[in-house]
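One letter stands for each residue in the lines below.
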Amino acid sequence: MIAVSEVLSFYGRHRLKILRSSYVLLLFSTLYGLSGSKSVSKAVKRVEKRDSMHGGEAGAGGSDFGIYSGSEDDSMSDKQSDEDENEGEMHLSRKKKTDTRQHSQRKHNHQRLDFLIKLILRDKKFILLFLTQAVLLVIRTLLSLRVATLDGKIVSSLVKAKYSKFIKILGNWMLLGIPASFVNALIAYMTRWCSLTINKILTTYMLGKYLANHHTFYAVAASSTASEVQDNLTKDIAAFSNTVSSLLNQLLKPMLDLLLCSFRLLNSNSSFMGEGTLALGLVVHISNQLLRAVQPNFTKLIMKRSTMESWFRSLHSNVHAHNEEIAIMRGQSNELTTLDYSFYELVLFMNREIKKRFAYDFASSFIIKYSWGAAGLVLCSIPIFFRDKIAIASEDVTADFITNRRLLMTASGSLGRFVELKRSIQQLRGVWLRLKRFDELLDSHSGAQESRSDDGVTIEYDQKRIKFENVPLVTPADQILIEELNFELNHGDHLLIIGPNGCGKSSLFRILGGLWPVRLSLEGKPTRIVIPPGMNDDECSIFYLPQKPYMGNMTTFREQIIYPDTVAQFERRFHGNYGKGDKHLAKILSTLELEDLISENMALVMVNASDNGGGINSPVKPRQAFDIRRNWSEELSVGVQQRLAMARMYYHRPKFAVLDECTSAVSPEMEQKMYLTAQRLGTSLISVCHRTSLWHFHNYLLKFDGKGGYKFEHFDPQERLANENKLMELNAILDQQVPMWEKRLKDLTVARRSNIIRRSQSELIQPPSPPKNSPDATKMPLSNGQRLPANPVAATQPSKINSKLLRSSDSQEKTNEPVNNI
Ligand SMILES: Nc1ncnc2c1ncn2[C@@H]1O[C@H](COP(=O)(O)OP(=O)(O)OP(=O)(O)O)[C@@H](O)[C@H]1O
């Protein structure tokens, strides 16, 4: 009994402190429950585990990272460890190494998981905005406490009919509304600014990494998650920024509200209010645990849905990008089926998702709004119903009731926001994982720049020479096109590459351009490649012209011609003199007979000016014709695009130019002119062209046979063309003569056949010389009972027996005597 009374007296002395610390503890345990969702952590761990097992090979094969099959992963790791145990000591050490690697990989992944946060926290502007937001949130909470107190006083003065007091408090209440509204607006502004800042930080970082070098985006486009890149760079970053920026609002506001409101309630005039608030906190904590039972895994849901949406979007982009081909082939129904199927899958998934969300929304709405609200009202009503039985310090019960009710409503609203926060955190985690994966993908391919070749391969750079020494032509899918390629080309020489489709002509350019890694000779011979260094500010050593040139839409006409140079480089080249630069461009265009484009642009400028109220007769400067922006890839024909691409090459005047069927859509005369001008500008041509009319521009030939073989030789176009012509003549003769000879052969066969028939029939017809006294030799019966026809002409018509004989003699003839012997 003494002990109990001592405890009670201790409690009485330290009541407020005990209540406050218990409340803070309760609040933090609820908060911990928010982020520590087991399923989410499991999902994250599975991703890490799978990544470590695959050696962090992002994107390769892991197409659907929205679904994690934990059991598969577990069984895989189990199997692996079992094998290791059975393979003795040597394997044990290997296993140790693997474990260490996995451990470091896991550590690396943990660090990587936080890379976004680190990136954001490194930005001073963000920190400043974040702190300002925090301060504003504290001010808002203090203001709302003051408003709650005034609310209570207003109602109390109203009930007691104290009008002057009522007016005075109402005035205060309205005055308080000015800073409260200002702070609210400022918080919304800060949240948006914060989101924009995060978006800027992440987009700059990701885009910078994505377009850091020519390997990364080229390799990423070939990865299995390429369809998601667009969404990663736009939708995911935006979603992440929005959620993170409002996270402070969602987290800090309810926390401050809860702490301040509960402390205020603990200090309340009603002696039991403190304990009541704590009891209410306990109810909230327990019901929150119950809510977890029906809560779906939002991380998993958001990841799966995003992957499906990205796929659906990429299919749409595909239709858009190839609209002309699809439309001309009437392939829309095919595309509709594909799109329909992908959309059907998405809808099916979303149907399941909304069902899961429905159960959760029902439970959370009921618990937050009604259960907690009812508990709060019960707590507030106690001083009114049990006024006589409990000690109440204040006489103003109405004011107390209103204030407490307001405080409890605020606290319960805050708890509701906590529950919402839980959903936001899980969804944020889903986006976070997607961005993490994208970052890994970029990392794995940015490393490709260093591993641009196998160990042992020598890569040299020379402006005036291309040399392949024992270089195998191998595709990224490890398909060997040529086992070893050896050739050398000096600046001033011109190489023609010919061979059947798919033999590796373009693959050679991909290796030359550094898109595919240079592999070591398959026979272990020293592998060496000498290539031009590419493009830099001052000089261009190699330039590529594909069949379908890239036309950047909505860029200026000038940028089209100088691509890939920037306007700043153009200005540097012509010392800021646009007139001089544009004159140079116009000269190039006139060589390619593209002056019409300049006049067309001028006309468009005039039309635009008149549309904008400038008048059709307002003067147009030539510079404006080069400043115009158009949808170049859609508005120009392929032939004009090819000529414009050639203009680019003339502008850059490279040492070497790779022309991969880049003149297929221009007239033969223009084609000759293009090649001639390129050679006059001192560019060595490496071309793939099927037209023999271009052969005389080359003095070396690289011929692929399509079976892994090739021939590199000095090329005499005249001789080759003469041979080619001879070959063509022979082919023409053959084409003409073969059907004739075949017909003759057929006739001979028929003639021979009828000869045989006649011979065999005449043998049959010739009877053994009839006895001279026979009255009618023609009526002599045959051995099988048949009579010979009376009409000798009929003997030439094959009877049933004769046709049998004919057939057997025919087949005998076929097998014994070849057609040629006839
Ligand atoms: N990115 C790639 N990944 C894997 N394999 C590829 C890739 N690009 C091309 N290939 C394969 O390499 C082989 C050679 O292709 P390449 O484009 O070099 O042929 P080509 O000789 O230029 O043919 P064409 O005359 O039809 O253009 C083909 O079998 C092709 O399937």
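Residues numbered from 1 in each chain as written. Predicted model: local features only at pLDDT ≥ 70, side-chain atom pairs only at ≥ 80, totals over all residues. Heavy atoms only, no water.

By the naming in an unreviewed UniProt entry, the protein chain goes by ZYRO0B13266p and is assigned to Zygosaccharomyces rouxii. The record held by UniProt for the protein chain lists under Sequence similarities (unreviewed entry) the comment "Belongs to the ABC transporter superfamily. ABCD family. Peroxisomal fatty acyl CoA transporter (TC 3.A.1.203) subfamily." (UniProt positions renumbered as here; feature names shortened; annotations may be inferred.)

*Asks:* Can you tell me about the overall build of the protein chain, naming the residues and giving the values?
*Replies:* When its secondary structure is counted, the protein chain shows 26 helices and twelve strands. The 822 residues of the protein chain split such that 41% are buried. Considering only contacts within the protein chain whose residues lie at least 6 apart along the sequence, 78% involve residues at least 24 apart. For the protein chain, the exposed area adds up to about 45700 Å²; of that, 59% sits on carbon and sulfur atoms. (Helix = DSSP H or I, 4+ residues; strand = E, 2+ residues; numbered from the N terminus. Buried < 20%, exposed > 50% of the residue type's maximum accessible area, 1.4 Å probe, protein only. Contact = heavy atoms within 4.5 Å. Areas by Shrake-Rupley, 256 points an atom, 1.4 Å probe, with all protein chains shown as cover.)

*Asks:* Which residues make up the pattern of salt bridges, and what values do they have?
*Replies:* A full pass over the atoms with the stated rule returns 28 salt bridges. The salt bridge partner of K467 is E488, with a shortest N-O separation of 3.9 Å. Of this pair, K467 sits in strand β2 (residues 465-474) while E488 sits in strand β3 (residues 480-490), and the two are 21 residues apart along the sequence. Notably, a salt bridge pairs R630 with E600, separated by 2.8 Å at the nearest N-O pair. Linking R630 in strand β8 (residues 629-630) with E600 in helix α20 (residues 595-611), this pair joins segments that are 30 residues apart in sequence. By relative accessible area, R630 is classed as buried at 7%. When salt bridges that share partners are traced, they join E460, D462, R465, K467, E469, E488 and R528 into one network. (Salt bridge = Lys/Arg side-chain N within 4 Å of Asp/Glu carboxyl O.)

*Asks:* Tell me what's going on with the packing of helix α23 (residues 638-652) against helix α24 (residues 668-680), and back it up with residues and numbers.
*Replies:* Taken N-terminus to C-terminus, the directions of α23 and α24 make an angle of 10 degrees; their axes are 11 Å apart at the nearest point. Here α23 lies roughly parallel to α24, going by the angle between them. From α23, Q642, R643, M646, M649 and Y650 reach across to α24, where they touch M670, K673, M674, T677 and A678. The residue makeup of the contact of α23 with α24, split by class, is six nonpolar, two polar and two charged. (Axes fitted to C-alpha atoms, helices over the stretch in contact; angles between N-to-C directions. Parallel < 35°, antiparallel > 145°, perpendicular 65-115°, else oblique. Nonpolar A, V, L, I, M, F, W, Y, C, P; charged D, E, K, R; others polar.)

*Asks:* Explain the sheet that holds strand β9 (residues 656-660) residue by residue, including any values.
*Replies:* Strand order in the open sheet formed by six strands is β6-β9-β10-β4-β11-β12, and the pairing between neighbours is mixed. At either end of the open sheet lies a strand with only one pairing partner, and these are β6 (542-545) and β12 (710-714). Going from strand to strand, the sheet's axes swing by 15 degrees on average, the running direction of each strand aside. Here β6 pairs with β9 via four bridges, running parallel. (Pairing = 2+ DSSP bridges.)

*Asks:* Please give an account of the packing of helix α19 (residues 578-591) against α23 that cites residues and values.
*Replies:* Direction vectors running N to C along α19 and α23 enclose 130 degrees, while the axes themselves pass 9 Å from each other. Comparing their axes, α23 and α19 come out oblique. For the element pair α19 and α23, the recorded crossing hand is right-handed. Here α19 contributes H584, L585, I588 and L589 to the contact with α23, which in turn contributes L644, A647, Y650 and Y651. By residue class, the composition of the contact of α19 with α23 is seven nonpolar, one polar and no charged. (Left-handed = near helix turned anticlockwise from the far one by under 90°.)

*Asks:* Summarise the site of the ligand; cite the residues concerned and give the values.
*Replies:* By nearness alone, 14 residues border the ligand, and G502, G504, K505, S506 and S507 come closest of all. With respect to the ligand, the backbone of G502 contributes an N or O atom lying 2.8 Å from an oxygen atom. Side-chain polar atom of S507 to an oxygen atom of the ligand: 2.5 Å apart, as the coordinates give it. Among the elements that make up the shell around the ligand, the one with the highest residue count is helix α16 (residues 505-512) (four residues). Across the shell around the ligand, the residue classes break down as five nonpolar, seven polar and two charged. (Near = heavy atom within 4 Å. Polar contact = N/O pair within 3.5 Å; in protein donor to acceptor, adjacent residues only side chain to side chain.)

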